[in-house]
Amino acid sequence: MPGMIDTHIHASQYSYAGTALNLPLLQWLNTYTFPVESCFKDLEFANKVYTQVVKRTLRNGTTTACYFATIHTDASLLLGQIANDFGQRALVGKVCMDRNDDVNHYRETSQESQDETQRFIKELLNKKYPLVKPVITPRFAPSCTEALLAELGTIAKNNKLHIQSHISENLEEMELVKKLFPNSESYTDIYHKCSLLTDKTIMAHGCYLSDKELVLFRETGAALSHCPNSNFSLCSGVLNVRNVLNHKVKLGLGTDVAGGYSSSVLDAVRRTLDASKVLTIQDPQQKPLTFEEVFRLATLGGSQALSLEERTGNFEVGKDFDALRVNVAAPGGPIDLIHDEKPQILLEKFLNLGDDRNIVEVFVAGKKVVPFSEP
């Protein structure tokens, strides 16, 4: 089957994945995330965490990952190197944030953020990694001044780069955005005014986007990353995926580690189906998503959301061979087959019940990367 695509994952948060899910978003960031991310100035610590997350996601069948790192340029470059060494296709972002009143030691000046972003881009591109590229990464509007956002938009345009950030994840965050950006019509308008909504933009969450904002997404070609595990785990909200798709907005799936406790896109598939059914329970007129639709979001939908559909996402002739060899009946695995089943049933069972024990081999750009041969 085609390799799975994680359109939103914080590599730097992997060390505490599966814990610290007792607070809403803004308090969670201040209590857990920023203190941990500040440790990535230590390259030995960064190397340990980043090696583990790249290996784990590859074992889980993630052939392409869109990573947030931290504000530390050298550690972010290290993440790019590790992804390259293990053969994963990746977009890697050095986080930019010049505003953080609650955890003052974890922030940059606007000039530092711009200069270090330029250095990150130059040094990563100079490595000429075939599958690893930089992505402009303002953390989210509340952690950036409008001046920095505008400069990052210019840097992205001048270098023709991808852009990633967060949008409309939780209600308290949205109220904060209104206070910080009183002259903006909406959360989406902030990014749009700063040239950060392009056909190479991926925004995580979007739980509370208005129809007008979704129209702007479609018109600019910007995409959304649906992160249902995190949306549930931090009690943030429930994205109406059907409404997003009806607006013809590009959409992929994200694990959003560590707000999402699982680094497997299979978990994102299951939580996406759960979220859809929750909306149907609330409104029986809502048509729930099918597993076939969600499988598409985990593969081709993700590649389209990351503007990588010419390279990956399915097995069309001319694309790179990003693939998983799956044994649904792997010995000692989680799936019991009672009857001979048709391929569609086998796929449904794997999506709902499978895990890394079923993923026998992983290929990226035609190269077998799992099982590992240590770099």
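Engineer: Pulling in residues and values, what's your account of the overall build of the protein?
Structural biologist: Looking only at helices and strands, the protein features 13 helices and 12 strands. Compactness check: the protein gives a C-alpha radius of gyration of 19 Å against a globular reference of 21 Å for 375 residues, within 12% of the reference. Summarising its shape, the C-alpha atoms of the protein cover approximately 60 × 50 × 40 Å along the three principal directions. Out of the 375 residues belonging to the protein, those deemed buried represent 58%. In the protein, of all internal contacts separated by at least 6 residues, the share reaching a separation of at least 24 is 74%.

Engineer: Requested: an account of helix α3 (residues 73-86), with residues and values cited.
Structural biologist: Residues lying three or four places apart along an α-helix face the same way, a consequence of the helix completing one turn every 3.6 residues. Here α3 spans 20 Å end to end across 14 residues, near enough to the 20 Å set by a 1.5 Å rise per residue. Across the 14 residues of α3, 10 count as buried, placing the element largely inside the fold. Among the residues of α3, T73, A75, S76, L77, L78, L79, G80, I82, A83 and F86 are the ones counted as buried. Considering only its buried residues, α3 is in contact with α2 (43-59), β2 (62-68), β3 (89-93), α4 (110-126), β5 (132-138) and β12 (367-370). Backbone geometry just downstream of α3 places G87 in the positive-phi region, at approximately 85 degrees.

Engineer: Can you break down unusual backbone geometry residue by residue, with the values?
Structural biologist: A cis amide bond, omega 10 degrees, links V257 with the succeeding residue A258. Going from V370 to P371, the amide bond is cis rather than trans, its omega being 0 degrees. Within the secondary structure, P371 sits in the segment after β12. At A20, a residue that is not glycine, the phi angle is positive and equals roughly 60 degrees. Following the sequence through the fold, A20 ends up in the loop between β1 (4-10) and α1 (25-37).

Engineer: Explain the environment of L180 to me, and be specific about the residues and the numbers.
Structural biologist: By secondary structure assignment, the location of L180 is in helix α6 (residues 171-180). Owing to a relative accessible area of 28%, L180 belongs among the partly exposed residues under this scheme. Taking the C-alpha atoms as reference points, L180 and G260, 80 residues apart in sequence, are found 27 Å from one another. In contact with L180, other than residues within four places in its own chain, are R99 and P142.

Engineer: Could you give an account of the environment of S12, naming the residues involved and the relevant values?
Structural biologist: Note that S12 resides in the loop between β1 and α1. When its relative accessible area of 0% is taken as the criterion, S12 is described as buried. In this structure the C-alpha to C-alpha distance between S12 and A69, which are 57 residues apart in sequence, comes to 5.4 Å.

Engineer: Explain the sheet that holds strand β11 (residues 359-364) residue by residue, including any values.
Structural biologist: Sheet strands line up and pair through hydrogen bonds in the backbone, either parallel or antiparallel. Taking strand neighbours across the sheet as the criterion, the three strands line up as β10-β11-β12 in an open arrangement whose pairing is antiparallel. The sheet terminates laterally at β10 (323-326) and β12, the two strands that pair on one side only. For this sheet, the mean inter-axis angle between neighbouring strands, taken without regard to orientation, is 30 degrees. Bridge analysis of β11 against β12 gives three bridges, and the strand direction is antiparallel. Of the residues in β12, the one forming a bridge with V362 is V370.

Engineer: Outline the packing of helix α12 (residues 291-305) against helix α13 (residues 343-353), listing residues and values.
Structural biologist: The geometry of α12 relative to α13 is characterised by a closest axis approach of 11 Å and an angle of 65 degrees between their N-to-C directions. When the interaxial angle is binned, α12 and α13 end up roughly perpendicular. The element α12 and its partner α13 pack so that their crossing is left-handed. Mapping the contact onto sequence places F291, E292 and F295 in α12 and Q344, L347, E348 and L351 in α13. Residues that form the contact of α12 with α13 fall into these classes: four nonpolar, one polar and two charged.

Engineer: Run through the packing of α1 against α6, naming residues and quoting values.
Structural biologist: Contact geometry for α1 and α6: axes closest at 7 Å, N-to-C directions at 90 degrees. As far as their axial angle goes, α6 and α1 are roughly perpendicular. Only E172, E173 and L176 of α6 make contact with α1, whose side of the interface consists of L25, L26 and Q27. Considering only residue class, the contact of α1 with α6 consists of three nonpolar, one polar and two charged.

About the criteria used
Residues numbered from 1 in each chain as written. Predicted model: local features only at pLDDT ≥ 70, side-chain atom pairs only at ≥ 80, totals over all residues. Heavy atoms only, no water. Helix = DSSP H or I, 4+ residues; strand = E, 2+ residues; numbered from the N terminus. Rg over C-alpha atoms; globule rule 2.2 N^0.38 Å. Buried < 20%, exposed > 50% of the residue type's maximum accessible area, 1.4 Å probe, protein only. Contact = heavy atoms within 4.5 Å. Expected span 1.5 Å × (residues − 1). Pairing = 2+ DSSP bridges. Axes fitted to C-alpha atoms, helices over the stretch in contact; angles between N-to-C directions. Parallel < 35°, antiparallel > 145°, perpendicular 65-115°, else oblique. Left-handed = near helix turned anticlockwise from the far one by under 90°. Nonpolar A, V, L, I, M, F, W, Y, C, P; charged D, E, K, R; others polar.

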